[in-house]
Amino acid sequence: MNSILSDRINNMEESATLAMAKTARELKSQGIDIIGLSLGEPDFKTPKHIQEAAKAAIDEGKYFSYPPVAGYQDLREAIAKKLREQNQITQAKAENIVVSTGAKHSIANVFMCLINEGDEVVIFSPYWVSYSEIIKLAGGVPVLIEGNLENNFKATAAQLKAAITDKTKAVIYSSPCNPSGSVFSKQELEAIAEVVKSKEDLIVIADEIYELINFTGQHASIASFPGMFERTITVNGFSKGYAMTGWRVGYICAPLPIAKACEKIQGQFTSGGTGIAQRAALAGLTGDQKPSEEMAAAYLKRRDLVLQLLREIPGIKTHVPEGAFYFFPDVSAFFGKSAGDFKIQTADDFCLYLLNEAHVSLVTGAAFGAPDSVRLSYAASEDELKEALKRVKTALEKVK
C-alpha cells in the first residue's frame, strides 16, 4: 500500500511527541495508570474571560462565515500593537500579521513560501520536532548547530557563522526553547543578529510561542534590533501562555512581501482560521493578563520542585530551564546498562523502559536533535510530578 503514497509522506517522520502521547493514551485505555509527561499541553483551563468571549461571539452570530484569510483586522491590529509596545518591534503593523491555525501552521506557511529545492536552513539544536520535517517537506535541507548541556543547550553566534554557506536561506530558533527551556539573552541575540546581517537576504524565524513562560524577567525579540525587522519572521500564538492549545490560533509578524506570500498560500490551503477562536484570542490578548501571570508562577514553582527531585536521581544530569515547561536531562549514564533482560542503549530505550516499568511517558531527545537526552514536561499537577519522579527513581534504581 505504501507504493500508492507519495515519497513525500513516506519519507516524513511521525511527530515523536504525538506518537508517545498516543501510546500513553492506549495504555491508559487498558486500565494502566500512566502519568503523561510527554506533551507540551498546559494542564490549566483556558481563562474564563476568554471562554466568555467565545460564547459571546457565538451568540452574536456574525462569526460563522469565512473569516478574512489573514485574520480579522481588529485581531491583527491588536497583535501589532502588542508587538510594538511589549516586544519593541516598532515597525509592526496589522499588514505584517498573518493569523493561522496554530504556530505550527504559521511555520509551515513560512517555509513553503521561502524554500526552494536544496536551500539550507540552519536550526539551533535541540529544536522542536517539526522544524526539520517541515523544512524537508518544502524541499529544504536542515543544518543543525548544536548547543550542549554545559552551555544550557544554546548554540552560539560563532557556530551560526561557521554553518552559513551560499545555500543558506534561513535560520530558525525558539526562545524560550522547546525542548530545553533555555532562553537567549539580549546579548546573545544581538551577536546572532550581527551574523545574520553579514549575509545578504538571510531570514531569521524566531519562534516565541513560550514568551509568557519566561523566568528570567527579560524576553528579547530579535526583530526589535536595528536592521532586523526586514530580516525576521516572528512566530507566536496563544496555546501556551493562554492555555489555548485546542483553540488553534497562531500568528506571524513578517516583512510585508513575506506576510503577503503566507496569506496567499494560506488562502489556497486552509483559508482563515476559525472565527470563534480568533474572537477568543483577541480577548486573551487585550483582556486581563493575571491568569497568564498566575500560570507562569505555577510553572516556576513546579520547575523548582522537579529540579530538586531530578537531582536526587543518580545518573541524571540537568541544567536549570529558564522558561517554557520542560526539563531536558542528559540520561547517557544509563546507556549500556540493563534492568533484568531489558538493555538501555539509547534515549528511545530509556523512554520505553520508563513507560513499561514506571508507567511514566517521556519523549526521546533524539527527536529534538539531542540523542543523549529526554524531554520531560512539567505541565502537570504537583502531585502527579511527585508521583512520576518517585516512580522514575525507583525504576532507575533497578538499572545496573
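Above this note sits the structure.
These numbers come from a predicted model, not from an experiment.

Enquirer: Is there a simple way to explain the packing of helix α11 (residues 290-310) against helix α13 (residues 382-396) in this structure?
Expert: Helix-helix packing: each pair is described by the crossing angle between the helix axes and the interaxial distance. The N-to-C vectors of α11 and α13 enclose an angle of 15°; their axes lie 10 Å apart at closest approach. The orientation of α11 relative to α13 falls into the category roughly parallel. Relative to α13, α11 is oriented so that their crossing is right-handed. In this structure, α11 uses Lys301, Arg302, Leu305, Val306, Leu309 and Leu310 to contact α13, whose residues at the interface are Glu382, Leu385, Lys386 and Leu389. Along the lines of polarity and charge, the residues of the contact of α11 with α13 split into six nonpolar, no polar and four charged.

Enquirer: Got a minute to help me understand helix α8 (residues 186-197) in this structure?
Expert: Residue pairs spaced three or four apart in an α-helix point in one direction, given the helix's 3.6 residues per turn. In this model α8 runs 16 Å from its N-terminal to its C-terminal C-alpha over 12 residues, within 8% of the 16 Å that 1.5 Å per residue would give. Within α8 the residues assigned to the buried category are Leu189, Ile192, Ala193, Val195 and Val196. Looking down the long axis of α8, one finds its buried residues gathered within 160° of arc, a one-sided arrangement.

Enquirer: Explain the packing of aromatic side chains to me, please; I cannot follow it from the model alone.
Expert: When we look at a pair of aromatic rings, we describe it by the centre distance and by the angle of the planes. One pass over the structure, following the stated rule, counts 18 aromatic pairs. Relative to Tyr173, the ring of Phe124 lies with its centre 6.1 Å away and its plane at 65°, an arrangement referred to as edge-to-face. Of this pair, Phe124 sits in strand β3 (residues 120-125) while Tyr173 sits in strand β5 (residues 168-174), placing them 49 residues apart in sequence. Each of the two residues, Phe124 as well as Tyr173, counts as buried. Ring centres of Tyr210 and Phe325 lie 5.4 Å apart, and the angle between their planes is 80°; this geometry places the pair in the edge-to-face category. One end of the pair, Tyr210, is in the loop between β6 (203-207) and β7 (232-237); the other, Phe325, is in the loop between α11 and β9 (326-327), with 115 residues separating them in the sequence.

Enquirer: Hey, could you run me through the sheet that holds strand β14 (residues 374-377) in this one?
Expert: In a beta sheet, neighbouring strands are held together by backbone hydrogen bonds and run either parallel or antiparallel to one another. Strand order across the open sheet formed by three strands is β9-β14-β13, with antiparallel pairing between neighbours. The sheet is open, and its two edges are formed by β9 and β13 (363-364), each paired on a single side. Pairing of β13 with β14, which is carried by two bridges, proceeds in the antiparallel orientation. Its bridge partner lying in β14, Thr364 is registered against Val374.

Enquirer: Just to check I follow, could you spell out the sheet that holds β3 for this structure?
Expert: On the basis of which strands lie adjacent, the open sheet formed by seven strands has the order β2-β8-β7-β6-β5-β3-β4 and mixed pairing. Looking at which strands have only one partner, the edges of the open sheet turn out to be β2 (97-100) and β4 (141-146). Between one strand and the next, the sheet's axes are offset by a mean angle of 20°, whatever the strand orientation. Two elements, β5 and β6, share five bridges in a ladder whose sense is parallel. Across the sheet, residue Ser174 finds its bridge partner in β6, namely Asp207.

Enquirer: Looking at this model, I keep getting lost on the side chain of Ser182. Mind explaining?
Expert: With respect to the helices and strands, Ser182 occurs in the loop between β5 and α8. Within polar-contact distance, the side chain of Ser182 engages the backbone oxygen of Asn152 at 2.3 Å. What Ser182 contacts, discounting residues up to four positions off in sequence, is Asn152, Phe153, Lys154, Ser175, Pro176, Cys177, His319 and Glu322.

Enquirer: Explain the pattern of salt bridges here, please?
Expert: One side chain can pair with another of opposite charge once the charged atoms of both are near each other. Counted according to the given criterion, the structure contains 16 salt bridges. With a closest N to O distance of 2.6 Å, Arg279 and Asp74 form a salt bridge. Of this pair, Arg279 sits in helix α10 (residues 275-286) while Asp74 sits in helix α4 (residues 73-86), and the two are 205 residues apart along the sequence. Residue classification places Arg279 among the buried residues on the basis of a relative accessible area of 12%. Residue Asp74 is classed as partly exposed on the basis of its relative accessible area of 32%. Where Lys169 meets Asp119, a salt bridge forms, and the shortest distance between an N and an O atom there is 3.4 Å. Of the two residues, Lys169 sits in strand β5 while Asp119 sits in the loop between α5 (103-114) and β3, which places them 50 residues apart along the sequence.

Enquirer: Can you walk me through a nonpolar patch on the surface in this structure?
Expert: Taken together, Leu5, Ile9 and Met12 make up a surface patch of nonpolar side chains, about 240 Å² in accessible area. Within the fold, Leu5 resides in the segment before α1 (7-10). With a relative accessible area of 42%, Leu5 lands in the partly exposed category.

Quick notes on the rules
- Residues numbered from 1 in each chain as written.
- Predicted model: local features only at pLDDT ≥ 70, side-chain atom pairs only at ≥ 80, totals over all residues.
- Heavy atoms only, no water.
- Axes fitted to C-alpha atoms, helices over the stretch in contact; angles between N-to-C directions.
- Helix = DSSP H or I, 4+ residues; strand = E, 2+ residues; numbered from the N terminus.
- Parallel < 35°, antiparallel > 145°, perpendicular 65-115°, else oblique.
- Left-handed = near helix turned anticlockwise from the far one by under 90°.
- Contact = heavy atoms within 4.5 Å.
- Nonpolar A, V, L, I, M, F, W, Y, C, P; charged D, E, K, R; others polar.
- Expected span 1.5 Å × (residues − 1).
- Buried < 20%, exposed > 50% of the residue type's maximum accessible area, 1.4 Å probe, protein only.
- Arc of directions from axis to C-beta.
- Phe/Tyr/Trp six-rings, centres within 6.5 Å; stacked < 30°, edge-to-face > 60°.
- Pairing = 2+ DSSP bridges.
- Polar contact = N/O pair within 3.5 Å; in protein donor to acceptor, adjacent residues only side chain to side chain.
- Salt bridge = Lys/Arg side-chain N within 4 Å of Asp/Glu carboxyl O.
- Patch = residues over 30% accessible without salt bridge, like charges linked within 9 Å, V, L, I, M, F, W, Y side chains within 5 Å.
- Areas by Shrake-Rupley, 256 points an atom, 1.4 Å probe, with all protein chains shown as cover.

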